[in-house]
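Listed below, chain by chain, are the residues.
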Amino acid sequence: MNLHIDPITDSEEIPFDLLELADPSREQIELYLNTGTCYIAKSDSQVVGVLVLVQVGAGTVEIKNIAVKESEQGKGYGKALLQYSDKTSRELGFEKLLIGTGNSSLAQLALYQREGFEIDRVVKNFFVKNYAEPIFENGIQCKHMVILVKDLTTKPNGARL
Ligand code: COA
């Protein structure tokens, strides 16, 4: 796959159009861009994806945003961004990788679990309390945040490192 993922540089524009595919709140996006690292995925020098990683505790990093340009979805780039998050977080010495998604984001819940994340907890009514407009996906109201965790201290087959 011809995909290059790198931290964004000062000369590059923050791809808000992509970040907003994953998170309808510009205010929330700007908050976590201040504390995290934004990575850009390019294919043939065209920006096709984005990722934001934020340290949220000792040894824990969270994927705050992950998105692939609509016309480029389904080509494996989302999976590559998740695998890059795992690799980069391990290299930085983190032990846990978190990702939160809505109760209505069925394809994402499937993808994250296939990539080794496990459901850890549910933050009830997170989207009702923090977003001005109701969000619907797959005919389901997005109310609760499902937090999934990947243990980075084990190999993918479960063996201890
Ligand atoms: N329906 C069902 N399965 C799908 C799918 C779809 N529309 N699109 C992709 N898949 C499957 C693929 O077959 C693949 O399966 P595999 O793991 O068995 O190979 C897997 O999902 C990964 O596909 P991939 O091509 O890597 O995903 P992607 O590049 O489309 O990126 C997202 C996934 C979620 C990042 C992307 O769809 C996106 O940006 N969505 C909008 C923003 C968003 O919801 N972000 C996450 C917020 S929590």
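An account of the accompanying structure is given in this report. For every chain, the first residue of the written sequence is number 1, and numbering continues from 1 along that sequence. pLDDT decides what is reported in this predicted model: residues at 70 or higher carry local features, side-chain atom pairs at 80 or more are listed and counted, and totals for whole chains, interfaces and linings draw on all residues regardless. Excluding hydrogens and water, the side-chain figures rest on all heavy atoms present in the structure.

1. Re the overall build of the protein chain
We count a stretch as a helix when DSSP gives it H or I for four or more residues in a row; a strand needs E for two or more, and each element gets its number in order from the N terminus. Along the protein chain, the regular secondary structure elements total five helices and nine strands. Ordered by position from N to C terminus, the α and β elements of the protein chain give β-α-α-β-β-β-α-β-α-β-α-β-β-β. Expected size for 161 residues packed as a compact globule is a radius of gyration near 15 Å; at 15 Å, the protein chain falls within 12% of this value. Projected onto its principal axes, the C-alpha coordinates of the protein chain cover approximately 40 × 40 × 30 Å. The size measure is the radius of gyration over C-alpha atoms, and the globule rule it meets is 2.2 Å times the number of residues to the 0.38 power.

2. Topic: the environment of Ser104
Along the polypeptide, Ser104 turns up in the loop between β5 (96-102) and α4 (106-114). The rule is simple: take the accessible area with a 1.4 Å probe, protein chains only, and divide by the maximum for that residue type; under 20% is buried, over 50% is exposed, in between is partly exposed. Looking at Ser104, the relative accessible area reads 0%, which means it is buried. Remark: the alpha-carbon pair of Ser104 and Glu20, spanning 84 residues in sequence, is separated by 17 Å. Any two residues whose heavy atoms approach within 4.5 Å at even a single point are treated as in contact. Every residue in contact with Ser104, bar those within four places of it in the chain, is listed here: Glu137, Asn138, Ile140, Gln141 and Cys142. N or O atoms closer than or at 3.5 Å make up a polar contact, with two conditions inside protein: a donor-capable atom paired with an acceptor-capable one, and, for residues adjacent in sequence, both atoms drawn from side chains. At a separation of 2.6 Å, a polar atom in the side chain of Ser104 contacts the side chain of Glu137.

3. A short note on the packing of aromatic side chains
Ring geometry is summarised as follows: Phe, Tyr and Trp rings, the Trp one being its six-membered ring, pair when their centres sit within 6.5 Å, and such pairs are stacked at plane angles under 30 degrees, edge-to-face over 60 and tilted between the two. Under the criterion given, the structure shown has five aromatic pairs. Measuring from ring centre to ring centre gives 5.5 Å for Phe127 and Tyr131, while their planes differ by 35 degrees; the resulting arrangement is tilted. Each member of the pair, Phe127 as well as Tyr131, is classed as buried. An aromatic cluster is defined as three or more aromatic residues linked by ring pairs; in this entry it consists of Phe126, Phe127 and Tyr131.

4. Re the site of the ligand
Whether a residue is near a molecule or strand is decided by its heavy atoms; if any one of them lies within 4 Å of it, the residue is near. Taken together, 18 residues are adjacent to the ligand, and Val68, Gly76, Gly78, Lys79 and Gln108 come closest. For the ligand, an oxygen atom lies 2.7 Å from a polar atom in the backbone of Val68. Within the side chain of Gln108, one N or O atom sits 2.7 Å away from an oxygen atom of the ligand. Reported accessibility uses the Shrake-Rupley method at a 1.4 Å probe radius. Residues are deemed covered only where the shown protein chains occlude them. Starting from 930 Å² of accessible surface for the ligand in isolation, the protein chains cover 65%. Of all the secondary structure elements, the ones that give two or more residues to the shell around the ligand are α1 (16-22), β4 (60-68), α3 (77-91), β5 and α4. Across the shell around the ligand, the residue classes tally to eight nonpolar, seven polar and three charged. In this classification, the charged set is Asp, Glu, Lys and Arg, the nonpolar set is Ala, Val, Leu, Ile, Met, Phe, Trp, Tyr, Cys and Pro, and all remaining amino acids, among them Gly, are polar.

5. Side note on the sheet that holds strand β1 (residues 4-7)
Taken in spatial order, the seven strands make up an open sheet running β1-β2-β3-β4-β5-β9-β6, and their pairing is mixed. Two strands bound the open sheet, and with one partner strand each, they are β1 and β6 (118-123). Here the strands of the sheet are splayed against their neighbours by 30 degrees on average, with no regard to which way each runs. Strand pairing is defined by DSSP finding a minimum of two bridges between the two strands. As paired strands, β6 and strand β9 (residues 145-151) are joined by five bridges and run antiparallel to one another. Paired with Val122 across the strands is Val146, a residue of β9. Across the face of the sheet, α3 comes into contact with β1, β2 (37-43), β3 (46-57), β4, β5 and β9 while running at roughly 160 degrees to β4. Where helices are involved, their axes are fitted lines through C-alpha atoms of the stretch in contact, as for all axes, and angles between N-to-C directions lie from 0 to 180°.

6. Regarding helix α2 (residues 26-35)
Listed in full, the buried residues belonging to α2 are Ile29, Tyr32 and Leu33. Buried residues of α2 fall within an arc of 110 degrees about the axis and therefore sit on the same side. Seen from the open side of α2, the exposed residues pointing more than 90 degrees away from its buried face are Glu27, Leu31, Asn34 and Thr35. By arc we mean the arc of the directions from the helix axis to the C-beta atoms, nothing more.

7. Observations regarding the pattern of salt bridges
Salt bridge, as applied in this entry: a Lys or Arg side-chain nitrogen positioned within 4 Å of an Asp or Glu carboxyl oxygen. Taken as a whole and judged by the stated rule, the model has nine salt bridges. A salt bridge links Arg26 to Glu20, with the shortest nitrogen-to-oxygen separation between them at 3.3 Å. Given the relative accessible area of 37%, Arg26 is considered partly exposed. Assessed through its relative accessible area of 33%, Glu20 is described here as partly exposed.

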